[in-house]
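Next come the chains, spelled out residue by residue.
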Amino acid sequence: MTFNKVLDNLSIYEAGKPIELVVREYGVNPKDIVKLASNENPYGTSPKVVKALKEKSSSSFVYPDDSMYELKEALAKRFKVNDSNVIIGAGSDQIIEFCIHAKCYKNSKVLMAKTTFAMYEIYAKQTGAQILKTPSDTHNLDEFRKIYKKEGADIIFLCLPNNPMGECLDAKDVYKFLDEVDKNTLVVLDGAYQEYAIYKDGKKKIDVKKVTKKYPNVIYLGTFSKAYALGGLRVGYGIADVKIIKNLYKLRPPFNVTTLSLEGGKVALDDEKFVQKCIKKNFEEMERYEKYSKRNGLTYIPSYTNFITIYTGNKISKEIAQKLLEQGIIVRDMTGYGQNAIRITIGTESQNTKVFKALDKLLMEKK
Ligand SMILES: *Cc1c(COP(=O)(O)O)cnc(C)c1O
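What you are looking at is a predicted structure, and each value in this text was computed from that prediction instead of being measured. (Residues numbered from 1 in each chain as written. Predicted model: local features only at pLDDT ≥ 70, side-chain atom pairs only at ≥ 80, totals over all residues. Heavy atoms only, no water.)

Draft legend 1. Just the sheet that holds strand 7 (residues 218-223), in detail. Pairing within the open sheet is mixed, and its seven strands lie in the order 2-8-7-6-5-3-4. Across the chains shown, the open sheet's two edge strands, defined by having one partner strand only, are strand 2 (86-89) and strand 4 (130-133). Direction aside, neighbouring strands of the sheet carry axes that sit 20° apart on average. One ladder, built from four bridges, connects strand 6 (residues 186-190) with strand 7; its direction is parallel. Residue pairing in the sheet places Val187 in a bridge with Val218 of strand 7. Most of the contacts of helix 4 (residues 92-103) go to strand 7, to which it runs at about 155°, and overall it touches strand 2, strand 3 (109-112), strand 5 (155-159), strand 6, strand 7 and strand 8 (236-240). Of the strands in this sheet, strand 2, strand 6, strand 7 and strand 8 touch helix 10 (residues 242-249), which is tilted by about 30° from strand 2. (Pairing = 2+ DSSP bridges. Helix = DSSP H or I, 4+ residues; strand = E, 2+ residues; numbered from the N terminus. Axes fitted to C-alpha atoms, helices over the stretch in contact; angles between N-to-C directions. Contact = heavy atoms within 4.5 Å.)

Draft legend 2. Region of interest: the pairing of strand 3. Sheet analysis places strand 3 next to strand 4, joined by four bridges and oriented parallel. The residue bridging Leu111 from the neighbouring strand is Leu132, located in strand 4. Note that strand 3 and strand 5 share two bridges and pair parallel. Along strand 5, the bridge assignment pairs Leu111 with Ile156.

Draft legend 3. Focus on the side chain of Asn163. Along the polypeptide, Asn163 turns up in the loop between strand 5 and helix 7 (171-180). Owing to a relative accessible area of 6%, Asn163 belongs among the buried residues under this scheme. One polar contact links Asn163 to Tyr193, side chain to side chain, over a distance of 3.4 Å. Sequence-distant contacts of Asn163, that is, excluding residues within four places in its chain, are made with Asn39, Thr116, Phe117, Tyr193, Phe307 and Arg343. (Buried < 20%, exposed > 50% of the residue type's maximum accessible area, 1.4 Å probe, protein only. Polar contact = N/O pair within 3.5 Å; in protein donor to acceptor, adjacent residues only side chain to side chain.)

Draft legend 4. The site of the ligand, seen in detail. Near the ligand you find 13 residues, and of these Asp190, Thr223, Ser225, Lys226 and Arg234 are the closest. The side chain of Tyr193 places a nitrogen or oxygen atom 2.7 Å from an oxygen atom of the ligand. Arg234 is positioned such that a nitrogen or oxygen atom in its side chain is 2.6 Å from an oxygen atom of the ligand. Taken by itself the ligand offers 380 Å² of open surface, and the protein chains cover 95% of this. Tallied by class, the residues present in the shell around the ligand amount to four nonpolar, five polar and four charged. (Near = heavy atom within 4 Å. Areas by Shrake-Rupley, 256 points an atom, 1.4 Å probe, with all protein chains shown as cover. Nonpolar A, V, L, I, M, F, W, Y, C, P; charged D, E, K, R; others polar.)

As structure tokens, this is what we get:
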């Protein structure tokens with residue numbers, strides 16, 4: 001059987017390894033596994049959310065509220081926009097997919113940083129679109145400008161802060177760039193880690209209301225999978241001008257977000273105290289990684305997120321990641337991104353201590 005030709009050039013997204021696999025393959029006790037590869041909130045789901053989900057679970061036999069009224073309302077209130085500016089998806093991944101399919105077909109152009117969220121490229125290639133990447137691994141707006149001027153683009157992705165590198169552009173520089181982009185180019189501002197960036201430095205904060213009002217060609221994406229600790233529920237959102245939202249809606253499957261996901265998102269959004277507490281701890285623990293790297297002469301990228309990318313120097317990152325895995329510590333090897341580095345989600349205090357101990361041994365090993 002032959003398949004759509006675009007599939008020939010597509011690779012399958014490789015997710016962080018699940019706990020179950022490490023138990024099966026390396027015989028590690030599940031409770032000893034330290035999972036720091038997918039940037040989840042290591043402090044777990046807020047107890048208020050867990051309680052609400054338990055109560056809601058008995059309504060699972062009926063289809064979800066497909067208008068998603070309550071969560072839309074909550075998001076509209078949070079970002080000071082109207083319900084009609086909001087679309088909710090099964091993770092913000094699904095909104096990325098809608099954006100690509102709304103704008104791209106064969107030979108469309110999609111512009112992004114060289115080393116950024118892998119799904120932009122994967123969804124774009126599904127349509128046969130051409131991928132344009134800036135030369136630098138991290139976001140450099142002058143490089144975006146140069147390529148855009150020469151080639152144009154149907155979509156531009158800015159990841160603010162950037163996964164997997166961790167850097168973040170200042171909002172004022174992003175606005176200046178948006179001023180220069182043609183209104184027929186859709187610009188996606190991926191804010192999956194904005195909550196972290198805002199805590200660390202207010203200059204990184206994208207004013208979603210302002211962007212939505214001023215730029216009819218820009219969509220802001222957020223997710224409940226990271227700071228809001230709901231990775232397992234798959235819920236994310238997009239905020240944009242009504243015309244963008246209406247067109248994305250044409251691509252939406254019915255009931256794309258489950259009853260529990262909608263409930264979880266709503267209650268999580270309401271428990272901001274929990275989220276802020278987790279973010280504060282995140283940066284306290286991040287400091288330990290920075291100190292650890294300095295002490296051991298390892299280069300790292302200063303991070304505005306809940307992960308840190310550390311170069312492994314004269315050691316091969318793939319081997320380090322594998323040896324950590326064998327001890328039950330799951331991190332992300334960055335070889336596939338062309339970096340001799342590992343990306344580690346900032347865990348809890350005891351998880352991070354385990355990482356440092358394991359790394360101590362691995363870094364000392366003779367080649
Ligand atoms: C995690 C992540 C997302 C989306 O996550 P969902 O779980 O699909 O909401 C989007 N962009 C970036 C950069 C991410 O790291």
